[in-house]
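Results of the structural survey
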Amino acid sequence: MSSPHPDPARPAGTGSGRRILALHLPLLAVDRQILIAQAAGDADAARHWRHGPAACHAPGPRGPMITIPNPAARAAGVRTGMTLAEARARTAGDILLAPADPRGDRRALAWLADLADRFSPAVGLDGDQGLLLDITGVAHLFRGEAGLIARASALIRGRGFSLTAAIAPTPLAASALTRAHAQAQAQGHAQAYPPADAAVVVAHDRAGPDETRAALARLVGPLPPEMISLDGERLRRVAEGLARLGIRRVDALDALPRSSVAERFGPGLLDLLDRLYDRAPDPLHPRRPSAPVDVRISWAEPIGRAEDIAAATAALVDDLVADLGAAGLGARRLALSVHLVDGRLQRAELGLALASREPRHMMRLLAERLDRIDPGLGIEVMVLAAPVVQPFADLDRSLPGLGQAPLSAGTGSAAVAALIDRIDARLGNGRVRAVRIEAGVMPETAIRLIPAAIAPQRTVRIDDGPHRVTAPRPARLLARPEPALVVAALPDDPPARLRWRGRLHRVHLADGPERLTGPWWESPGAPAEARDYYRVETEDGLRLWVFRSRGSAGLVLDGDGAADDAAATDDWFVHGIFA
């Protein structure tokens, strides 16, 4: 049904040419119960969840209520929102029930989204029961859209989940078509489990804009209005109002004057219609931010030999370097994803101390991780991404003295950076640390050790920032100040002797105090923390950095210059050791 007189306020189609694949899992919670029963070795429960009436439930206003019934329970008349007593009455008590687990369902959906990365660089979640994949320009890698749908469906069903699938020019249209098909199956009381294969494709990937728009209108037009949004409850109320006007299809709604629709139901409904019909932008929000640069390779026949994996990695590195060079970028992080035939996913991430697009260096780093890849039954897709990049011309001073030089030079700062990368690649990310200066007064807050691969892009100096150091600092700062018992001649004098870590040390030389006061805003209504620091050298050659909290009573020696350790103050601490 279409409007005989086009509304001048109706926007024209975008003609974006996008192709979005929606995968809807209407029985996600039920499928998980089957998998849980199988993992527990309970074959009877798994069989009942498959073929007998069963459902998940959650708390409701009238007590526990059914959230998702399986097909057998639906055939017996069990519906979402029904109380458990009603469900038991409909099935003569022969219904298997389990509490709903939304958090577990979301984890399962996130796991499936990771597996779906092999089909698209942009994978988003479609509510709590579906996935959206932007497959624009990638279908040819899987022998066309039919082959891509077949492989994606086989992957999901192979993990034990039922689904419906659709390809459309917009995420909203693809999602609505899958949910409408799942609802039609549920209303048909389908007994087969999982439901039969089904896919809806709007036009095809080589169709022109007019042909695609006509096919889209033909398929989404008969949908009920409540199908065009995940917010079903709100749209259900709108649909009830439309039904009173005799409007039960999307195309009939779209034929109404836009001003009347906006006045009665709000402009949000018009926005949904425009997104559905590809007349307005309909963004897909990836679950993970897309990498600035990534390349992938897939095979019709999976690979598994170490030589083939190394050759494929080298080809990916060459392609990545070419794309980085075209964009004037260098990679600071590499991420290799390996998708196996059996659905497993293996990842390896590496950080680089300097931005690089040197293929030999990248390949050398990745080679350290290739031996850890278990190809299993074979690898069908490999993806190499640079999730963190920077302009290659920028001067990178992640570590003192490091400049932007080709990593193949083999000497100087570039060789240091290459060594850091190789240590991280072999021993694990973050094993090599760099110093980052923080805007803190207290010593433990002024310096942080962070992985060298993500170090700040500037030279590290201890006197950077507003809190400049005015006295020497120890080469080694303890993880936290350690208490010490101290004897001092006068309250403001440096220590005369101290007991630390169970040993008594007599002080030979001392210098100080240096007073450091903490930020006043961290202790509103109370005096800020203050410390008096001393540099002391003991008779046995130990050089320590000690402090006393401000306000200490101190300790005065007796006339003979002697004092007992029992009389020592307990607010002294050792904070560092000088070289």
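The preceding data block contains the structure.
Described in the following lines is the structure provided in the data block.

1. Comments concerning the overall build of the protein
Across its full length, the protein carries 16 helices and 20 strands. Looking at the protein as a whole, 46% of its 579 residues qualify as buried. For the protein, the exposed surface amounts to about 28200 Å²; the carbon and sulfur share of it is 54%.

2. Some thoughts on the nonpolar core
Core analysis: the biggest nonpolar cluster contains 32 residues, and V220, L223, I228, V250, L253, L273 and L276 have the highest contact counts within it. Elements represented by at least two residues in this core include exactly β1 (20-24), β7 (164-168), α7 (171-187), α8 (209-220), α9 (232-244), α10 (250-254) and α12 (267-276). Ranked by residue count, the leading element in this core is α7, at six residues. If we skip the residues at most four places from it in the chain, L253 touches L242, I247, V261, L269 and L273. L23, L109, L112 and F119 belong to the second-largest nonpolar core, a separate cluster that totals 29 residues.

3. Brief notes about the sheet that holds strand β2 (residues 54-58)
Sheets are built from strands that pair by backbone hydrogen bonding, the pairs being arranged parallel or antiparallel. Taken in spatial order, the three strands make up an open sheet running β3-β2-β4, and their pairing is mixed. Only two strands of the sheet have a single partner each, and these edge strands are β3 (65-69) and β4 (96-99). Adjacent strand axes in the sheet meet at a mean angle of 40°, parallel and antiparallel pairs treated alike. Relative to β3, β2 runs antiparallel, the two sharing four bridges. Each bridged residue has a counterpart across the sheet, and for A58 the counterpart in β3 is M65. Its contacts with the sheet place helix α1 (residues 28-39) against β2, β3 and β4, and it is angled at close to 80° to β3.

Parameters at a glance
- Residues numbered from 1 in each chain as written.
- Predicted model: local features only at pLDDT ≥ 70, side-chain atom pairs only at ≥ 80, totals over all residues.
- Heavy atoms only, no water.
- Helix = DSSP H or I, 4+ residues; strand = E, 2+ residues; numbered from the N terminus.
- Buried < 20%, exposed > 50% of the residue type's maximum accessible area, 1.4 Å probe, protein only.
- Areas by Shrake-Rupley, 256 points an atom, 1.4 Å probe, with all protein chains shown as cover.
- Core = buried A, V, L, I, M, F, W, Y, C linked by side-chain atoms within 4.5 Å.
- Contact = heavy atoms within 4.5 Å.
- Pairing = 2+ DSSP bridges.
- Axes fitted to C-alpha atoms, helices over the stretch in contact; angles between N-to-C directions.

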